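Remarks on the overall topology
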Amino acid sequence: MKQNFLAALGLIGFLGLVCLVGGWESKYSRLAICTKRNGTVFTFTDNSGNDWEWEHDYKDFYEVGKAYRLIMDDNHSSSIYDDWIVKVKKY
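To keep things clear, this report deals only with the structure shown in the data block. As the structure is a prediction and not an experimental result, all values here were calculated from the model.

Overview of the pattern of salt bridges
- Following the criterion strictly, the structure yields two salt bridges and no others.
- Put simply, lysine 27 and aspartate 73 hold a salt bridge, and the shortest N to O gap is 3.0 Å. Of the two residues, lysine 27 sits in strand β1 (residues 27-38) while aspartate 73 sits in strand β4 (residues 67-73), which places them 46 residues apart along the sequence.

Laid out in structure tokens, this is it:
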């Protein structure tokens, strides 16, 4: 019984570590300029000309024309078209 418990605990720990590492390796940052605001949705344009939309929380405010660092998730793919913004930081 104790051996089964320890094996299950080890498996859970291993799977948790794999999930954490997978989450860390899928994150990257991208420099972008806030180019537009439409209500609560801000549009950021990166150096490659890609537009990224972010719906802000009540406490967030971004100035159009200012640079920001977008923390992105690559969705574990090689295409940027399915990436999404995790967080927006002031540059």
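The rest of the description comes next.
Here's the deal with the sheet that holds β4
- Reading across from one edge, β3-β2-β1-β4-β5 is the order of the five strands in this open sheet, with antiparallel pairing throughout. Of all strands in the sheet, those bounded by a partner on one side alone are β3 (51-55) and β5 (84-90). Pairwise comparison of adjacent strand axes, ignoring direction, gives a mean angle of 40 degrees for this sheet.
- Bridging between β1 and β4 involves seven bridges; their strand directions are antiparallel. The residue of β4 that forms the bridge with serine 29 is isoleucine 71.

Each value, and the rule that gives it
Starting from 1, residues in each chain are numbered consecutively following that chain's sequence as written. With the structure being a predicted model, the display of local features is reserved for residues of pLDDT at least 70 and the display and counting of side-chain atom pairs for 80 or more, all residues being used for whole-chain, interface and lining totals. For the side-chain quantities, the full set of heavy atoms in the structure was used; hydrogens and water were omitted. For this document, the term salt bridge refers to a Lys or Arg side-chain nitrogen within 4 Å of an Asp or Glu carboxyl oxygen. Helix and strand labels come from DSSP, where a helix needs a run of H or I of at least four residues and a strand needs a run of E of at least two; each type is numbered from the N terminus. Pairing between strands requires that DSSP locate at least two bridges from one strand to the other. Axis lines are fitted through C-alpha atoms, for helices just across the contact stretch, and the angle between N-to-C directions can take any value from 0 to 180 degrees.

The quantities given are spatial measurements derived from coordinates; they are silent on function.
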